[in-house]
Amino acid sequence: MPTLRALECFVATVEAGSITRAAAALHLSQPSLSHQIAVLENELGSPLLERLPRGIRPTSAGREALRHARAALESAARVVQAGRAVGALDEGQLRIGCAGSMTAGLVAPLLRAWRRRHPLVRLALQERNSADALAAMITADEIDVAIGPRPTRWDGLTELLASEELVIVFSAGDPLGDQPGPVPLAALHGYPVIQYAGPHGLASWLDGLFAEHHVSPEVVIRTQQTTSAPALAAAGLGAAVVPVSGVPAGFVGTVHRLDPPQSRDVVALTAGRGDVLVSQFVASVKATGLRVPAAVARQLEAV
């Protein structure tokens, strides 16, 4: 396979019309340039240049090879330009996966700011309700970075971004939700609750939490969407345990902490450390942090 250096020497010699002038333009000795062209001719099996008393000219094979050599050098230059553009965050594509509960409170504001700063970087977002599903997508090369809770199985890189509180929400007028202070887990024994449907990551986590505290709530409905749980609770179907980032700004019920308090790590999953776009995006996520709607934060402080 011809090297780019050999092609560069060949093109420069044709364009200069002289080995001497081409060697000077490329800062090479004449023997070094002649060697590069000789290797290229040997690999192609045909003379490319005809030596004349005053300079050189391409042979018929050289004229045909010249067209492709120029195209190869132009393509190589575009490769370099593209790589530098991505490194400067001026080009490229970033494939992001995130937990559905974190789209509004974390990822959406960040993507808006990212688009303003890096308008030529193409963004693709996929949401999942399972950290294990996000990890599998990175393994399958479907996304470049995943933002969400810790998966149960993961062999790649993990960076801690934040700790997120899990809270419990009720409809307005709910007897338990109207009481002040954190809600004891024991108070949920026999109480109507909204649970998550597998393979939602919170489904098994809640089952384990209730079992650990010997609590058996009355599961009235299951949902596969974290964002649906507060809406179902506000409609009066039951209490819902949700990540605080999943409580919408306009939630019309009450929001309480749990007793004992519950939280989960929010992490970034990546396959490696070599991707500039990924590392810059993760740094932006870490700097931004989780945003809790002001009305929700005030409720939590009040109780």
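Provided above is the structure to which this section pertains.
Presented here is a report on the structure given in the accompanying data block.

Each value, and the rule that gives it
Residues numbered from 1 in each chain as written. Predicted model: local features only at pLDDT ≥ 70, side-chain atom pairs only at ≥ 80, totals over all residues. Heavy atoms only, no water. Pairing = 2+ DSSP bridges. Helix = DSSP H or I, 4+ residues; strand = E, 2+ residues; numbered from the N terminus. Expected span 1.5 Å × (residues − 1). Buried < 20%, exposed > 50% of the residue type's maximum accessible area, 1.4 Å probe, protein only. Contact = heavy atoms within 4.5 Å. Polar contact = N/O pair within 3.5 Å; in protein donor to acceptor, adjacent residues only side chain to side chain. 1 Å grid on protein atoms, 1.4 Å probe; cavity = no way out; pocket = protein on both sides within 12 Å on 5 of 7 lines; lining within 4 Å. Points joined across faces, edges and corners; volume = space filled by probe spheres on them. Nonpolar A, V, L, I, M, F, W, Y, C, P; charged D, E, K, R; others polar. Phe/Tyr/Trp six-rings, centres within 6.5 Å; stacked < 30°, edge-to-face > 60°.

## Overview of the pairing of strand β11 (residues 254-270)
Logical step 1: Across five bridges, the pairing between strand β5 (residues 145-149) and β11 is antiparallel. For valine 145, the partnering residue across the bridge sits in β11 and is threonine 270.
Logical step 2: Direction of pairing for strand β6 (residues 157-170) relative to β11: antiparallel, over a ladder of 13 bridges. Bridge pairing links phenylalanine 170 to threonine 254 in β11.
Logical step 3: In the sheet, strand β7 (residues 183-184) pairs with β11 via two bridges, with the strands oriented parallel. Residue pairing in the sheet places proline 184 in a bridge with aspartate 259 of β11.

## Looking at helix α1 (residues 4-16)
One full turn of an α-helix is made of 3.6 residues, so residues set three or four places apart face in the same direction.
Logical step 1: When the terminal C-alpha atoms of α1 are compared, their 18 Å separation across 13 residues agrees well with the 18 Å that a helix rising 1.5 Å per residue should span.
Logical step 2: Along α1, the residues that are buried comprise Ala6, Leu7, Cys9, Phe10, Val11, Ala12, Thr13 and Val14.
Logical step 3: Count one or two residues on from α1 and you reach glycine 17, which has phi positive near 75 degrees.

## A word on unusual backbone geometry
The phi torsion of most residues other than glycine is negative, and most of the peptide bonds are trans.
Logical step 1: Aspartate 259 connects to proline 260 through a cis peptide bond whose omega is 5 degrees.
Logical step 2: The phi angle at histidine 27 is positive, at roughly 60 degrees, despite the residue not being glycine.
Logical step 3: Tracing the sequence through the fold places histidine 27 in the loop between α2 (19-26) and α3 (30-44).
Logical step 4: Despite not being glycine, histidine 214 shows a phi value in the positive range, around 55 degrees.
Logical step 5: Taking relative accessible area as the criterion, histidine 214 reaches 70% and is therefore assigned exposed.

## Regarding the environment of arginine 5
Logical step 1: Among the structural elements, arginine 5 can be located in helix α1.
Logical step 2: Distance in space between the C-alpha atoms of arginine 5 and leucine 73 is 9.3 Å, their sequence separation being 68 residues.
Logical step 3: Ignoring any residue separated from it by four or fewer positions in sequence, one finds arginine 5 in contact with Leu26, Leu28 and Gln36.
Logical step 4: Only 2.6 Å separates the side chain of arginine 5 from the side chain of glutamate 8, close enough to count as a polar contact.

## Re empty space enclosed by the protein
Logical step 1: By the definition in use, this model includes two cavities of 30 Å³ or more.
Logical step 2: Of the pockets and cavities examined, the largest cavity occupies roughly 40 Å³.
Logical step 3: Around the largest cavity, the lining residues are Ile168, Leu188, Val193, Ile194, Gln195, Leu206, Phe210, Ala239, Ala240 and Val241.
Logical step 4: Contributions of two or more residues to the lining of the largest cavity are made by β8 (192-196), α7 (201-212) and β10 (239-243).
Logical step 5: Grouping the constituent residues of the lining of the largest cavity by class yields nine nonpolar, one polar and no charged.
Logical step 6: Looking at the second largest cavity, its volume works out to about 30 Å³.
Logical step 7: Surrounding the second largest cavity, Leu106, Leu161, Ala162, Val266, Val285, Lys286, Gly289 and Leu290 form its lining.
Logical step 8: Among the residues making up the lining of the second largest cavity, the classes are represented as six nonpolar, one polar and one charged.

## Some thoughts on the pairing of β6
Logical step 1: Inspection of the sheet shows β6 paired to β10 by four bridges, in the antiparallel sense. Looking at β10, one finds that valine 169 is bridged to alanine 240.

## Re the packing of aromatic side chains
Logical step 1: Taken as a whole and assessed by the stated rule, the structure comprises two aromatic pairs.
Logical step 2: Ring geometry for phenylalanine 170 and tyrosine 191: centres 6.5 Å apart, planes at 80 degrees, overall edge-to-face. Here tyrosine 191 lies in the loop between β7 and β8 and phenylalanine 170 lies in strand β6, a separation of 21 residues in the sequence. Taken as a pair, phenylalanine 170 and tyrosine 191 share a single burial class, namely buried.

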